[in-house]
Amino acid sequence: MTTAHTPEPILQVHQLTKTFAGFQALNGVDFSVNEGEVVVVIGPSGSGKSTLVRCVHQLETIDGGSVYLDGELLGYEHHRSGVRPLTPRAVAAQRRRIGMVFQQFNLFPHWTILENVTRPHRMSHGVGAAEAEQRARLLLKQVGLEHKADAHPRELSGGQQQRVAIARALAPAPRIMLFDEPTSALDPELVDEVLAVLRDVARSGVTMVVVTHEMEFARQMGDRVVFMDAGRVVEQGTAEQIFNHPKSDRLKAFLSRFR
Ligand code: ADP
Ligand code: MG
């Protein structure tokens, strides 16, 4: 007998709402990511893209809805009278299963490149020095920076620093990687080297959510593209559907700015 196999999404966001001082940044977002998938999130500035990934990584508390990682509710636990917030310790444990890369790479200036990758991994995951270093050297090689292991961040270009930040986030082998406009702070000539690393990470099978304005990347690498506007997912589909057959006027207007 064969069994129909529907894989459970790694990430499931259900009716997520988030308000900042009365302003509704997320207005009922449904969003899911399957294992090995690359989901690209596009949309105008202020549409809630960063808020969405920040809520998933529990950098923001949520006002309504729920987020599940591998079927586990994030931030809350069920108990007799409904749900209650998890302890900070339990939240930290959940957050360790998610890797995040920001627009600003935020490397520690006084640590070497190698230390920037090993130390957070050791501190948050309790990994031994030898294992952390072995893993870091492998990842620095993957992002093309093994020769910079002993350098300090100031000696690296912005593109190289962002590649280190990607290695740092990958070190604990997170279940999912979230990238929030990873190339937006870079000089234009440094964007491609970072996108090349993102492609390489995607091809290695890592599950990723990438918020970006790099439409060529979205078209090439997005297994699914999600278009957000005004705190909602307005349209989502394959890159072909979103870029070649947009349905909503809002998506059409958004895309016309890139042509
Ligand atoms: P995007 O990443 O798509 O540009 P954001 O998620 O950063 O959009 O922001 C969505 C909306 O929420 C914006 O209007 C923004 O000004 C507002 N917002 C985001 N973070 C905060 C905050 N910490 N305090 C107040 N308003 C915020
Ligand atoms: Mg943003």
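The rules behind these values
- Residues numbered from 1 in each chain as written.
- Chains lettered and ligands numbered in written order.
- Predicted model: local features only at pLDDT ≥ 70, side-chain atom pairs only at ≥ 80, totals over all residues.
- Heavy atoms only, no water.
- Pairing = 2+ DSSP bridges.
- Helix = DSSP H or I, 4+ residues; strand = E, 2+ residues; numbered from the N terminus.
- Contact = heavy atoms within 4.5 Å.
- Axes fitted to C-alpha atoms, helices over the stretch in contact; angles between N-to-C directions.
- UniProt positions renumbered as here; feature names shortened; annotations may be inferred.
- Phe/Tyr/Trp six-rings, centres within 6.5 Å; stacked < 30°, edge-to-face > 60°.
- Lys NZ or Arg CZ within 6 Å of the ring centre and 35° of its normal.
- Salt bridge = Lys/Arg side-chain N within 4 Å of Asp/Glu carboxyl O.
- Near = heavy atom within 4 Å.
- Polar contact = N/O pair within 3.5 Å; in protein donor to acceptor, adjacent residues only side chain to side chain.
- Areas by Shrake-Rupley, 256 points an atom, 1.4 Å probe, with all protein chains shown as cover.
- Nonpolar A, V, L, I, M, F, W, Y, C, P; charged D, E, K, R; others polar.
- Buried < 20%, exposed > 50% of the residue type's maximum accessible area, 1.4 Å probe, protein only.
- Parallel < 35°, antiparallel > 145°, perpendicular 65-115°, else oblique.
- Left-handed = near helix turned anticlockwise from the far one by under 90°.
- Core = buried A, V, L, I, M, F, W, Y, C linked by side-chain atoms within 4.5 Å.

Participant: Got a minute to help me understand the sheet that holds strand S1 (residues 11-20) in this structure?
Facilitator: Sheet strands line up and pair through hydrogen bonds in the backbone, either parallel or antiparallel. Read across the sheet, 4 strands follow the order S2-S1-S4-S5 without closing on themselves; strand pairing throughout is antiparallel. Here the strands that pair on one side only, and so sit at the sheet edges, are strand S2 (23-33) and strand S5 (72-73). Pairing of S1 with strand S4 (residues 64-69) involves 5 bridges; the strand directions are antiparallel. Within S4, the position partnered with Gln12 by the bridge is Tyr68. Across the sheet, helix H1 (residues 49-56) is in contact with S1, S2 and S4; its angle to S1 comes to roughly 115°.

Participant: What's the story with the UniProt feature "domain: ABC transporter" (unreviewed entry) in the chain in this structure? I'm lost.
Facilitator: Per the UniProt annotation, the sites labelled "domain: ABC transporter" (unreviewed entry) are residues 11-255. Secondary structure across residues 11-255 comprises 38% helix and 27% strand; the distance between its end C-alpha atoms is 27 Å.

Participant: I'm lost on the packing of aromatic side chains in this one. Help?
Facilitator: Each aromatic ring pair is specified by the distance between its two centres and by the angle formed by the two planes. Overall, the coordinates contain 3 aromatic pairs when judged by the stated rule. Above the plane of the ring of Trp111 lies Arg119, whose end atom (NZ or CZ) is 5.0 Å from the centre.

Participant: Before we go on, may I ask you to explain the pattern of salt bridges in this structure?
Facilitator: Counted according to the given criterion, the structure contains 10 salt bridges. With a closest N to O distance of 3.0 Å, Glu37 and Arg224 form a salt bridge. Of this pair, Glu37 sits in the loop between S2 and strand S3 (38-42) while Arg224 sits in strand S11 (residues 224-229), placing them 187 residues apart in sequence. The partner of Arg175 in a salt bridge is Asp70, with the nearest N and O atoms 2.7 Å apart. One end of the pair, Arg175, is in the loop between helix H5 (158-170) and strand S9 (176-180); the other, Asp70, is in the loop between S4 and S5, and 105 residues separate them in sequence. Linked through salt bridges whose partners overlap, the residues forming this network are Glu35, Asp70 and Arg175.

Participant: Can you help me understand the site of ligand 1 in this one?
Facilitator: Around ligand 1 sit Phe20, Phe23, Ala25, Pro44, Ser45, Gly46, Ser47, Gly48, Lys49, Ser50 and Thr51, and those are all the residues in its vicinity. In this structure, Ser50 approaches ligand 1 through a side-chain N or O atom, which is 2.9 Å from an oxygen atom. Within the complex, the protein chains bury 60% of what would otherwise be the 560 Å² of accessible surface of ligand 1. Residue assignment for the shell around ligand 1 shows that the elements contributing at least two residues are S2 and H1. For the shell around ligand 1, the element with the most residues is H1, which contributes 3 residues. Considering only residue class, the shell around ligand 1 consists of 4 nonpolar, 6 polar and 1 charged.

Participant: Before we go on, may I ask you to explain the side chain of Arg163 in this structure?
Facilitator: Within the secondary structure, Arg163 is located in helix H5. Ignoring anything within four residues of it in the chain, the contact list for Arg163 reads Val143, Gly144, Leu145, Glu193, Val194 and Val197.

Participant: Looking at this structure, I do not really get the environment of Val13. What am I missing?
Facilitator: By the element assignment, Val13 lies in strand S1. With relative accessibility at 4%, the residue Val13 sits in the buried group. Taking the C-alpha atoms as reference, Val13 lies 9.7 Å from Cys55; in sequence the two are 42 residues apart. Those residues within four positions of Val13 in sequence are excluded, and the remaining contacts are Val29, Asp30, Phe31, Leu52, Val56, Ser66 and Val67.

Participant: Where do I start with the packing of helix H3 (residues 113-125) against H5 in this structure?
Facilitator: A packed helix pair is summarised by two numbers, namely the angle formed by the two axes and the spacing between the axes. The N-to-C vectors of H3 and H5 enclose an angle of 25°; their axes lie 8 Å apart at closest approach. In this view, H3 runs roughly parallel relative to H5, as classed from their interaxial angle. For the element pair H3 and H5, the recorded crossing hand is right-handed. Across the interface between the two elements, Ile113, Asn116, Val117 and Pro120 of H3 pack against Val164, Ala167 and Arg168 of H5. Of the residues assigned to the contact of H3 with H5, the class counts are 5 nonpolar, 1 polar and 1 charged.

Participant: Can you walk me through the nonpolar core in this structure?
Facilitator: As a rule of thumb, soluble globular proteins bury nonpolar side chains together. Ranked by size, the top nonpolar core spans 50 residues in total, and within it Ile42, Leu140, Ile166, Phe179, Leu198, Met208 and Phe243 carry the most contacts. Setting aside anything within four residues of it in sequence, one finds Leu140 in contact with Ile113, Leu114, Val117, Leu145, Glu146, Ala149 and Ala167.

Participant: Got a minute to help me understand the environment of Asn116 in this structure?
Facilitator: Mapped onto the secondary structure, Asn116 falls in helix H3. For Asn116, a relative accessible area of 0% gives the class buried. Among residues more than four places away in sequence, those in contact with Asn116 are Leu107, Phe108, Trp111, Pro153, Val164 and Arg168.

Participant: It is not clear to me how the sheet that holds strand S10 (residues 208-211) should be interpreted in this structure. Could you clarify?
Facilitator: The strand order across the open sheet built from 6 strands is S8-S9-S10-S3-S11-S12, with neighbouring strands paired in mixed fashion. The open sheet terminates on both sides in strands that have one partner only, identified here as strand S8 (98-101) and strand S12 (232-237). In this sheet, neighbouring strand axes are inclined to one another by 20° on average, regardless of whether the strands run parallel or antiparallel. Pairing of S8 with S9 involves 4 bridges; the strand directions are parallel. Directly across from Met100, in S9, lies its bridge partner Leu178. Here H5 sits on the sheet and contacts S8 and S9; the angle it forms with S8, its principal contact strand, is near 170°.

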